[in-house]
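# Coordinate inspection notes
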Amino acid sequence: MARPFHLEVVTPTHKLYDEDADMVVVRTVVGDEAYLYDHIHTNAIIGQGLLKIRSEEHGMQVAECDGGFVKVNESGVMIVTKSAEWKTDLDED
């Protein structure tokens with residue numbers, strides 16, 4: 001099992017996620033990037049697309065996100081985006 005890291009997904013109106021995760025995949029402007037525990041420090045601009053989060057507690061969760069940035073450092077991964085909603089919430093519309 002992968003080692004967990006802290007992940008925050010923040011929008012101007014709410015925190016979509018603020019827990020440990022084993023992996024996160026985000027669509028950057030140059031393509032999809034996956035982040036795991038102890039990833040090299042990085043910053044990237046994210047585009048519109050799917051955000052995939054895997055954790056032992058929740059399994060795989062998928063959200064739609066609309067631009068922003070991702071920051072990876074020793075304290076974890078932070079994603080700041082204009083908007084983010086769980087895919088199941090979008091499917092109900």
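Scroll up for the structure.
Described below are features of the structure shown in this document.

## Side note on the side chain of Asp22
Along the chain, the position of Asp22 falls in the loop between β2 (15–21) and β3 (23–28). Within the structure, Asp22 has its side chain in polar contact with the backbone nitrogen of Glu56 (distance 3.1 Å).

## Quick look at a nonpolar patch on the surface
Taken together, the side chains of Val29, Val30 and Ile45 present a nonpolar region at the surface, about 340 Å² in accessible area. Inspection of the secondary structure puts Val29 in the loop between β3 and β4 (31–35).

## Points about the side chain of Ser55
Within the fold, Ser55 resides in strand β5 (residues 42–55). Given the relative accessible area of 6%, Ser55 is considered buried. Polar side-chain contacts of Ser55 include one of 3.0 Å to the backbone nitrogen of His58. If we skip the residues at most four places from it in the chain, Ser55 touches Tyr17, Asp20, Ala21 and Asp22.

What counts as what
Residues numbered from 1 in each chain as written. Predicted model: local features only at pLDDT ≥ 70, side-chain atom pairs only at ≥ 80, totals over all residues. Heavy atoms only, no water. Helix = DSSP H or I, 4+ residues; strand = E, 2+ residues; numbered from the N terminus. Polar contact = N/O pair within 3.5 Å; in protein donor to acceptor, adjacent residues only side chain to side chain. Patch = residues over 30% accessible without salt bridge, like charges linked within 9 Å, V, L, I, M, F, W, Y side chains within 5 Å. Areas by Shrake-Rupley, 256 points an atom, 1.4 Å probe, with all protein chains shown as cover. Salt bridge = Lys/Arg side-chain N within 4 Å of Asp/Glu carboxyl O. Buried < 20%, exposed > 50% of the residue type's maximum accessible area, 1.4 Å probe, protein only. Contact = heavy atoms within 4.5 Å.

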